[in-house]
Structures are given as structure tokens and as C-alpha cells.
Amino acid sequence: MVFGQVVVGPPGSGKTTYCNGMSQFLKLIGRKVAVINLDPANDSLPYECAVNIEDLIKLSDVMAEHSLGPNGGLVYCMDYLEKNIDWLESKLKPLIKDHYLLFDFPGQVELFFLHSNAKNVIMKLIKKLDLRLTAILLVDSHLCSDPGKYISALLLSLSTMLHLELPHINVLSKIDLIESYGKLAFNLDYYTDVQDLSYIQDHLDQDPRSAKYRKLTKELCEVIENFGLVNFSTLDIQDKESVGNLVKLIDKSNGYVFASIEGSAVEFSKVAAGPLDWDYYRVAAVQEKYMDDDQNFEYND
Ligand SMILES: Nc1nc2c(ncn2[C@@H]2O[C@H](COP(=O)(O)OP(=O)(O)OP(=O)(O)O)[C@@H](O)[C@H]2O)c(=O)[nH]1
Ligand SMILES: [Mg+2]
């Protein structure tokens, strides 16, 4: 079985940095990792990528040839990728024998809740190559500092979850910076647990600009609460413990934790119900080397 992650999220939310940090963390705990860049606008990649969409299609060529802007160009590129899925499949085939896969996607979020090309690409790969993928939606934690933006982030998360139909983890990225945006109106738990949105509505109502949208906001919050699907994990990509905690969740969501179990249903349920207390940090290399203060990701061991 082949496991991996589909990394999505708005522009600048930290997807490429995440793929870089996550691949290094996973390598240090002993996994073989391949990062696949499917963002044709990724100019300079901080990681060594195993497959690069640029080898198939270049955004600059698309924009010039079809007189498209960058966003239309990206939709075209995803469409082209879907039509040429055999190219991607042939590139991945040698890797899936023993690699864990990380897919770095573009930041145009409409690709993941509106258009179907990116989803079709993922679904075709899952079907053809028998992949077990978890979607990681990164949302900049700075959005918590504004109630309106936070509600937008909730809607984005819900729409993406419903559209992609994958095991899914929403992540508040850059959590190390959260204090620099000023004091939050509520504890961080409130933003991660998404339990009672009436408090954030009350807070939003204090802003006179939002008065005429009060009913709309209330209805939207009800939709989010009625689905009951959205919550968030937090992440500081430079902090090994933060990355390790997220890896535990991801491993449970896509079934990686069950991969090596060949026993009875009882053993499966023990793993499913129990706390994941594997020692992700036992590898000395992780203790010593994971990410230094300069985000200098040079961790060759
Ligand atoms: N402090 C801090 N900065 C981060 C973290 N993750 C990413 N960043 C910074 O956020 C900026 C954007 O990161 P990228 O990885 O390029 O974001 P992206 O989502 O790939 O951006 P696009 O591909 O343009 O959509 C960079 O300056 C990163 O260094 C984090 O956990 N903490
Ligand atoms: Mg990127």
C-alpha cells in the first residue's frame, strides 16, 4: 500500500514550506519520501522534487499561447494534467514501490472546491495506483485574528472537505506567529475546536460594517455547525513536536498506522481506539537536527 498527503490551501499558507519540512521529518524517522510538485507557478523549490509538473507544462507558456492570466492559466494546467494523467502515472510508478508521497498543489483554492480537474487528477491516481492519501488543508493562523476572516476560513475548509472527499485534516499554519497578530478574542482552543460559533458572531456584530450581513453570517455559521466536520490542528513547521503530532494524526487518518498489522480485528481496533504513543522522536537525528532557527533545511544524515 502506498501512503501520502495532498497538500492544499490558499496562496502563501505554507504548502511548499510544509512539503519541505514534512519530507525532512519523515526521512528522519526512516521513511523514503517523494515530493511531487503539481504547482506550475512554483519557481524556486526548496525541496528536491521527484516529479515536477513543469516537465509537462509551463504556466508561462500557457499564459503566452492562450492569452490567459495566471489564474486562468493554472486552471488550464490542471485540465491539461488531467488529460495527460498517464504522464504522471508513469512518473509515479517507479516511486510507489517504497516511497511515501507528498503532493504540493497550487494555492488557487477554487481548484479544490469549484473546479473538478484537480480532484479528478487525485481520484484517478488513487484508483490507478491504489494510493491512500490524506488531504492537508493549510490555513494561515493569522485569519483567527479577524472574526470575518475566520468564518471565511471555516467555509473554505468545509467546502474543500466536501469537494475532495478524502480523509482530511485542516491545519492552522504558522502558529508560531499567532501572538504577533495581537491578542485573540478567544482562547486558541476555541478556534481549533469550532464548537459554538455564536460567540464569534457576537464578536463580529460589534463591527458596524457587518450589521447588514448579520442574518447571512448566522445562517452560514449554522451550516458549518450542522455539518459538524470542521476543526483544526495547529502547526509550526519549524518545531519537531508540532510536526510529529500532526504526523500521528495523518498516519491514523490514511491508515498508515494499520499497514504493518497483520493480526486480528481486535488488534486493529486497539490501534484505532488507543492513543498514538509511538515515539516519533526516538530517532536521535530528529532530536538534534530537525529545523534550525534559520529554516535551514539541510538535514542530510
Ligand atoms: N513563521 C512561519 N513561517 C512559515 C511557516 N510555514 C511557512 N512559512 C512562511 O510562509 C511563507 C509562504 O510559504 P510558502 O511555503 O511559499 O507558501 P505556499 O502556500 O506554498 O504559497 P503559494 O505556493 O504561493 O500558494 C514563506 O515565507 C514561509 O517561510 C511556519 O510554520 N512558520
Ligand atoms: Mg507553494
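As shown above, the structure is provided for reference.
Residues numbered from 1 in each chain as written. Chains lettered and ligands numbered in written order. Predicted model: local features only at pLDDT ≥ 70, side-chain atom pairs only at ≥ 80, totals over all residues.

Some details on the overall build of the chain
- Counting its regular elements, the chain contains 13 helices and 7 strands.
- A burial count over the chain gives 35% of its 301 residues as buried.
- For the chain, restricting intrachain contacts to residue pairs at least 6 apart in sequence, the fraction spanning at least 24 positions comes to 76%. (Helix = DSSP H or I, 4+ residues; strand = E, 2+ residues; numbered from the N terminus. Buried ≥ 20, exposed ≤ 12 C-beta atoms within 10 Å, placed from the backbone. Contact = placed C-beta atoms within 7 Å.)

Things to note about the sheet that holds strand 3 (residues 49-52)
- Strands sit in the order 3-2-4-1-5-6-7 across an open sheet of 7 strands; the sheet is parallel. Every other strand in the sheet has two partners, leaving strand 3 and strand 7 (233-234) as the edge strands with one partner each.
- By the bridge criterion, 2 bridges tie strand 6 (residues 168-173) to strand 7 in an arrangement that is parallel. By the bridge assignment, Leu172 is partnered in strand 7 with Thr234.
- Of the strands in this sheet, strand 1 (2-8) and strand 5 (131-140) are in contact with helix 6 (residues 117-129), which crosses strand 5 at around 155°. (Pairing = 2+ DSSP bridges. Axes fitted to C-alpha atoms, helices over the stretch in contact; angles between N-to-C directions.)

A short note on the site of ligand 1
- With respect to spatial proximity, 17 residues lie near ligand 1, and among them Gly14, Lys15, Thr16, Thr17 and Gly107 are the closest.
- Tallying contributions element by element places helix 1 (residues 15-28) first for the shell around ligand 1, with 3 residues.
- In terms of residue class, the shell around ligand 1 is built from 4 nonpolar, 8 polar and 5 charged. (Near = placed C-beta within 6 Å. Nonpolar A, V, L, I, M, F, W, Y, C, P; charged D, E, K, R; others polar.)

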